[in-house]
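Observations on the model geometry
These are the residues of each chain, in order.
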Amino acid sequence: MSQWLKQVIDRGQAIDDWLSPLRAQALEALGNTKWPNRRVESWKYTSLAPLEQLELSPSTTAGKAIIEDIEGLNSLDLIFVNGKLQSDISLLSLPQGLHISSLLDASDKQQNTANALFAKIKPQRHLFGLVNDALAEDGLIIDIDANSKIEQPIRIVNISSDGQESHHRVLVRLGSHASATVIEHGQGEQASLSTGFAEYDIGEQAYLEHYRLAMHTHQAIHIGGDHFSLQQKAQLNSTLIAYGSELSRMDVDIIHNGEHAKAKFNAIYLLGEAENFDLHSTIEHVMPNGTTKENARGIVGDKAKAVFNGRIHIHRNAQKTLAELHNRNLLLSRRGQINTKPELEIYADDVLCAHGATVAETEEETLYYLLSRGISRSQALVMLNFGFIQELVEQMPNQHLAQWLKPQLHSRFVEMEVK
Amino acid sequence: MSEQLDQALSRKYDAGFVSDIESETFPPGLDEDVIRRISAMKEEPEWMLEWRLRAYNNWLDMEEPDWAHVHYPKIDFNAISYYSAPKSMADKPQSLDEVDPELLRTYEKLGIPLYEQEMLAGVAVDAVFDSVSVVTTYRAKLEEAGVIFCPISEAVHKYPELVKKYLGSVVPRSDNYFAALNSAVFTDGSFVYIPKGVRCPMELSTYFRINEENTGQFERTLIVAEEGSHVSYLEGCTAPQRDENQLHAAVVELVVMDDAQIKYSTVQNWYPGDENGKGGIYNFVTKRAICHTNAKVSWTQVETGSAITWKYPSCILKGDNSVGEFYSVALTRGRQQADTGTKMIHLGKNTKSTIISKGISAGNSNNTYRGLVSMGAKAEGARNFTQCDSLLIGDRCGAHTFPYIESRNPSAIVEHEATTSKVSDDQMFLCQQRGLDPEKAVSMIVNGFCKEVFKELPMEFAVEAGKLLEISLEGSIG
Amino acid sequence: MLKINNLHASVEQKEILKGLNLDIKPGEVHAIMGPNGAGKSTLGFILSGREGYEVSEGQVEFNGEDLLDMAIEERARKGLFLAFQYPVEIPGVSNMAFMKESVNAIREQRGETPLTATEFLKKAKEACKQVQLSLDFLKRGVNEGFSGGEKKRNEIMQMILLEPSLCILDESDSGLDIDALQVVANGVNSQRDGKRSFIIITHYQRLLDYIKPDYVHILANGKVVKSGDASLATDVEKEGYAFLGQDNAEETNA
């Protein structure tokens, strides 16, 4: 057993709170886990060495945080610094039907909600999901009543600062016919480790609009996951924006537990310098008549490395499923690296499934077309190469968020091009 | 509809007869002594024995791989016999007239009339029965062209320098578990050498058959195509119907020098086991080619047999402008499990690869495409195109696609597409409305699905492959 | 040739045909018209034996035999041909291979020897010419990437090749421009020989300007509500299906 895992287990066992019974299973599973090396399929291309080398102490004090305002977004902000909730929920004016509490001071009723969600949607196979099960003491329980349409986006921010380790957890339940927008926003630059896992139970005919902004860079190690369960006729529209750091990893699971559910998942990764980003997504069609569209697009420059593993799993019973996954990549540098693996695993015959993956450079022909219209070469390259990223940004339902993101992504891209 | 299809798919295995031939077979078990005995039986030189023993020691240190999407009980390598030769081989036949007539009848049942092939098709055949090369036809004509086509055991004696130089040069002794095992115990196989600038005057062909109970077959094929040469090589396989699983762990190495081309076609129809998954061949095969500048390798395979198929014919595109192609049809039914695909390793500049894979799953089977396309840092301008299509027949089977794509060069382009579909009720209805019975309709639709691959096969093989699919899909329609 | 007596049929428990009668003699051309949802296409599918259609009552006799008892391909081999409204694509299977298989299956039924490749090719070329399809279409996959009009002409080409005794054309005119419509009509007319019978299913009268029917039947609400000669089609064209009455109009909108 690795030293790192051992100290996680020891610390997990020492925690005594109302979540302890829920942690027990994770602690047991961790006890039987081998520390992954390159021969473990889910960590084939991403090394955990930066994590092991990190000298961290579990965060005890939280710092002050300054959160950038997103123009026009008008969000309900819940700010974590190093995994500790800074916002005073009691000061927020919550719309009717929306209930938010922290894990630390959950009422009995909220604890019941948490019990029904905690590690119930997130599959056990995610090693760091188990770590988060064991160590996350703070976090949020968000409950949205049936039929409640929450217009105001809920933004959950976690900021990691130097030398800190943090684990936070988000549990969200949407009642039937409810709708909501949740933005999970993480950032940090300095040597730190954060894990952030969220579980969403989307009720019958409910709609969740979701964003994950994994904007950790440099030495800020982040390992997280979003895990969605869709009930009958539920709908999900999720977008992931990822930068890369020494070690940055996201696991996403979209599970169709009810018939006629619809999921759309877009992911964008823009990696420069020596950044790494690893995305593993799994779409589970357990029930019939579901639809999934997944689009993952990335640009990799300099010495960066992107890993994408997109799995579609159609269970025996999931007839009449429509599932599509496309992954497009652009490699800008000969020191960079792209590893992609779209997977199909199909056990039902009356389904339409397709996946595609490309790794390509700018097409000369298209470039020529733009040049012939008088556009400068550098501008044309930006247009062409950034265009396919921009396309996904524009698909984001929340235009305020899109407008805020665009210039950031653009300048990140231009910097990559220059190098 | 799917019930009809199921019935259509539950046909009997046509090549499942057992030949009554007296054999000399080693008792089951594997240790250094067995390897020494194999080597001694073949009167091998010392270097060959040493090579085998080193491979055996590599193998002992290795673990059986478990990453493939297949499930089977652990193989007991000590329950297998590692050598079996028809007794009448003891004094080797000098011509077909001296071959055991029963053995020739076996080939006839398989549809490989040696005489006919000699006379009509002009195909040179090296038939491997269990572990020993039976006879190599059409030698004279090949010798004239300077082409060497002989059992590898003979090549060890006659062309030791060539064998020493190339054996293990593409698939090293310790490459993987099954390749290491093969290196230790391989009993026979074919050796082909095409001299510089020579276009092989005929298609070369090998038929493999496992006859004896509890025997493993470990053949080793080595083809060396010198600069500017061309050769097309065909390989066919069958095995009798037995309740026990039989192991087939072959290694094929292709060395393709500058400007040379090898086309390697396989029709594999090993016994797949019965409908409950009893018996059948475990087919664990390592096939790899190394391509030098401007060289081209084309792997075409039609896989309809075996209980388990574990096979990834690969190309190392080392030389600039070299080309690798992989065309595959894999049909699984009953309880068959196939995990097959290819690896295209692009190292040189402007290297190109094409992968077309058609998987058909029926019954309770599982059919997996697994592939790797790797673009090395120096593979300027390299291109790959991959198309993987799966066809599902019935709702108890599985179709899976696991393509690995690794790119380290910004000017390389990789495109991968995969789709799944089923034989639709509308297609069946149209065919039947035009007077075709359901069996014919299914086989026609499936053949259409596989067309892009069949057109890559040499003519007579394409016909055989089409028929094989048809037979596989044949049965009583209610 | 074909006698339909009190035919009741349903799809997914919904009754579509509710007591249909029709009597077709050799050499006759019958047009079946009617509003959308009247059950026109259903009739074609039931006669050809498509799965998913449940016959609850009535009989269909084809040349003295019980048609409903036969398998799809048996009906085809005995001379029943359906030109599909939406022909399906069969990728990779060439039109030529498909038709050769089909022609010979039908010849075998008739006790005739299979055609040789040369004989078949000659006939196929002839049939293509008649519907103005270039010979390339023989080599292409069945309907693979064909335009709507090409698919329709391909159906008529197949009809010519297979020499059926009863041809059912299911909206073979839909989506065609006037030139293509004439090509289809000419193809059909060339096959009228006084023995071969036709059922022409159409929504509009315009195809019947080119293929003159002996009888026109108006199908509404699962029954033949009116029969007459070719002039009935012209009446329908002028007045629409409004004369069927309010009840039926609602039914069809449902």
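Computed from a predicted model, the values in this text were never measured in an experiment.

A closer look at the domain arrangement of chain C
All names here are of chain C.
- Looking at chain C, the domain boundaries give domain 1 (1–79 + 164–182 + 195–254) and domain 2 (90–162).
- One C-alpha centre belongs to domain 1, the other to domain 2, and the line joining them spans 25 Å.
- The interface of domain 1 with domain 2 comprises eleven residues on the first partner and eight residues on the second.
- Together, Arg77, Pro164 and Leu176 form the three largest contributors to the area buried by domain 1 at its contact with domain 2, with a combined 51%.
- In this assembly, domain 1 and domain 2 are joined by zero salt bridges.
- For the side of domain 1 that touches domain 2, the per-class residue count stands at six nonpolar, two polar and three charged.

With respect to the interface of chain B and chain C
- With 20 residues of chain B at the contact, the number on the chain C side is 32 residues.
- Both sides of the chain B and chain C interface together cover about 2100 Å² of buried area, and 63% of this is carbon and sulfur.
- When the buried area of chain B at its contact with chain C is split by residue, Phe429, Gln433 and Arg434 of chain B rank highest and sum to 35% of it.
- The interface formed by chain B and chain C holds four salt bridges in total.
- The residue arginine 434 of chain B makes a salt bridge to glutamate 155 of chain C at a minimum N-O spacing of 2.6 Å.
- When residues of the side of chain B that touches chain C are traced back to their parent elements, those giving at least two are α10 (425–433) and α11 (438–449) of chain B.
- For the side of chain B that touches chain C, the element with the most residues is α10 of chain B, which contributes seven residues.

Comments concerning the sheet that holds strand β3 (residues 29–33) of chain C
All names here are of chain C.
- Judged by pairing direction, the sheet is mixed, and its six strands sit side by side in the order β6-β9-β10-β3-β11-β12 without closing on themselves. At either margin of the open sheet sits one strand with a lone partner, and together these are β6 (80–83) and β12 (223–228). Neighbouring strand axes in the sheet, compared pairwise and without regard to direction, differ in orientation by 20 degrees on average.
- Pairing of strand β9 (residues 166–170) with strand β10 (residues 197–201) involves five bridges; the strand directions are parallel. Considered in β10, the bridge of cysteine 167 is made with phenylalanine 198.

Re the interface of chain A and chain B
- Taken together, the contact between chain A and chain B spans 35 residues of the former and 34 residues of the latter.
- Here chain A and chain B share an interface that buries about 2900 Å² over both sides, 49% of which is from carbon and sulfur atoms.
- Three residues stand out in chain A for area buried against chain B, namely Arg334, Asp349 and Val359 of chain A, and they jointly supply 21% of the buried area on that side.
- Linking chain A with chain B are two salt bridges, by the criterion used here.
- A salt bridge links glutamate 380 of chain B to arginine 334 of chain A; its shortest N-O distance comes to 2.3 Å.
- Counting every contact that joins chain A to chain B gives 18 residue pairs in polar contact (both at pLDDT 80 or more).
- Those elements that place two or more of their residues in the side of chain A that touches chain B are β19 (337–346) and β20 (352–360) of chain A.
- It is β19 of chain A that contributes the most residues to the side of chain A that touches chain B, ten residues altogether.
- Its residues placed into classes, the side of chain A that touches chain B shows 16 nonpolar, nine polar and ten charged.
- As defined by bridge partners, β20 of chain A adjoins strand β23 (residues 413–422) of chain B across seven bridges and the pair is classed as antiparallel. If you follow alanine 354 of chain A over to β23 of chain B, its bridge partner there is threonine 419 of chain B.

A short note on helix α1 (residues 3–14) of chain A
Residue and element names in this part refer to chain A.
- Between its first and last C-alpha, α1 extends 17 Å over twelve residues, near the 16 Å set by a 1.5 Å rise per residue.
- Those residues of α1 that sit buried are Trp4, Leu5, Val8, Ile9 and Gly12. The arc that holds the buried residues of α1, viewed along the axis, is 135 degrees, so those residues lie on one side. Those residues of α1 that are exposed and aimed more than 90 degrees away from the buried face are Gln3, Gln13 and Ala14.

Re unusual backbone geometry
- In the Ramachandran plot, lysine 233 of chain A falls in the positive-phi region, its phi being about 60 degrees despite a non-glycine side chain.
- With respect to the element layout, lysine 233 of chain A can be found in the loop between β11 (220–230) and β12 (235–242).
- Here lysine 233 of chain A falls in the partly exposed class, since its relative accessible area comes to 42%.
- One non-glycine residue, glutamate 163 of chain C, adopts positive backbone phi at about 45 degrees.
- Within the element layout of this structure, glutamate 163 of chain C appears in the loop between α6 (148–162) and β9.
- Take glutamate 163 of chain C: its relative accessible area is 33%, and that puts it in the partly exposed class.

Observations regarding the domain arrangement of chain A
Residues and elements named next belong to chain A.
- When the domains of chain A are assigned, the result is domain 1 (3–59 + 73–361) and domain 2 (377–419).
- Measuring from the centre of the C-alpha atoms in domain 1 to the corresponding centre in domain 2 gives 24 Å.
- Roughly 2400 Å² is buried in total at the junction of domain 1 and domain 2, and carbon and sulfur atoms are behind 69% of that figure.
- Between the two partners, domain 1 and domain 2, sit two salt bridges.
- For the side of domain 1 that touches domain 2, the secondary-structure elements that each account for two or more residues are β8 (179–188), β10 (207–216), β12, β14 (262–271), β16 (291–300) and β18 (322–331).
- If one sorts the elements of the side of domain 1 that touches domain 2 by residue count, β14 sits on top with six residues.
- Class assignment for the residues of the side of domain 1 that touches domain 2 results in 17 nonpolar, eleven polar and seven charged.

Regarding helix α9 (residues 230–239) of chain C
All names here are of chain C.
- Among all positions in α9, only Ala230, Leu232, Ala233 and Val236 are buried. In an axial view of α9, the angular spread of the buried residues amounts to 155 degrees, which keeps them on one side of the axis. Seen from the buried face of α9, the exposed residues on the opposite side, beyond 90 degrees, are Lys238 and Glu239.
- Elements that come into contact with the buried residues of α9 comprise β3, α8 (206–210), β11 (215–220) and β12.
- Immediately downstream of α9, the backbone of glycine 240 shows phi near 70 degrees, a positive value.

Overview of the state of the cysteines
All names here are of chain B.
- The final tally for this structure, using the stated rule, is zero disulfides over all chains.
- Distance from the sulfur of cysteine 315, which forms no disulfide, to the nearest cysteine sulfur (cysteine 291) is 5.1 Å.
- A relative accessible area of 0% places cysteine 315 in the buried class.
- Here cysteine 431 stays free of any disulfide, with the sulfur of cysteine 450 as its closest cysteine sulfur at 15 Å.

Re the packing of helix α3 (residues 95–109) of chain C against α6 of chain C
Residue and element names in this part refer to chain C.
- For the pair α3 and α6, interaxial distance at closest approach is 10 Å and the crossing angle is 35 degrees. Considering how the two elements wind past one another, α3 and α6 form a crossing that is right-handed. Residues Asn95, Phe98, Met99, Ser102, Val103 and Ile106 of α3 touch α6, and the partners they reach there are Asn154, Met157, Gln158, Leu161 and Leu162.

A word on the nonpolar core
- Counting 108 residues, the largest nonpolar core has Ile360 of chain B together with Leu2, Ile4, Leu47, Phe98 and Ile199 of chain C as its most contacted members.
- Formed jointly, this core draws a minimum of three residues from each of two domains, domain 1 (1–79 + 164–182 + 195–254) and domain 2 (90–162) of chain C.
- Setting aside residues no more than four positions away along its own chain, isoleucine 360 of chain B makes contact with Val329, Ala330, Leu331, Thr332, Asn367, Leu391, Ile393, Val446, Phe449 and Cys450 of chain B.
- Among the nonpolar cores identified, the runner-up in size contains 104 residues, and Ala178 and Ala180 of chain A together with Val198 and Cys200 of chain B belong to it.

Considering the pattern of salt bridges
- Under the definition given, this model contains 52 salt bridges over all chains.
- Here arginine 77 of chain C makes a salt bridge to aspartate 437 of chain B, at a shortest N to O gap of 4.0 Å. Note that arginine 77 of chain C is positioned in helix α2 (residues 72–77) and aspartate 437 of chain B in the loop between α10 and α11, a pairing that runs across two chains.
- Since its relative accessible area comes to 29%, aspartate 437 of chain B is described here as partly exposed.
- Here glutamate 171 of chain C ties to lysine 40 of chain C by a salt bridge, and the two come within 3.9 Å at their closest N and O atoms. In this pair, glutamate 171 of chain C sits in the loop between β9 and α7 (178–190) while lysine 40 of chain C sits in helix α1 (residues 40–48), placing the two residues 131 residues apart along the sequence.
- A relative accessible area of 11% means that glutamate 171 of chain C is categorised as buried.
- Each of Glu41, Glu284, Arg311, Lys341, Glu343 and Glu345 of chain A takes part in salt bridges that share partners, so that together they form one network.

About the criteria used
- Residues numbered from 1 in each chain as written.
- Chains lettered and ligands numbered in written order.
- Predicted model: local features only at pLDDT ≥ 70, side-chain atom pairs only at ≥ 80, totals over all residues.
- Heavy atoms only, no water.
- Domains from an automatic or database assignment.
- Contact = heavy atoms within 4.5 Å.
- Buried area = accessible area lost by both parts, 1.4 Å probe.
- Salt bridge = Lys/Arg side-chain N within 4 Å of Asp/Glu carboxyl O.
- Nonpolar A, V, L, I, M, F, W, Y, C, P; charged D, E, K, R; others polar.
- Helix = DSSP H or I, 4+ residues; strand = E, 2+ residues; numbered from the N terminus.
- Pairing = 2+ DSSP bridges.
- Axes fitted to C-alpha atoms, helices over the stretch in contact; angles between N-to-C directions.
- Polar contact = N/O pair within 3.5 Å; in protein donor to acceptor, adjacent residues only side chain to side chain.
- Expected span 1.5 Å × (residues − 1).
- Buried < 20%, exposed > 50% of the residue type's maximum accessible area, 1.4 Å probe, protein only.
- Arc of directions from axis to C-beta.
- Disulfide = S-S within 2.5 Å.
- Left-handed = near helix turned anticlockwise from the far one by under 90°.
- Core = buried A, V, L, I, M, F, W, Y, C linked by side-chain atoms within 4.5 Å.

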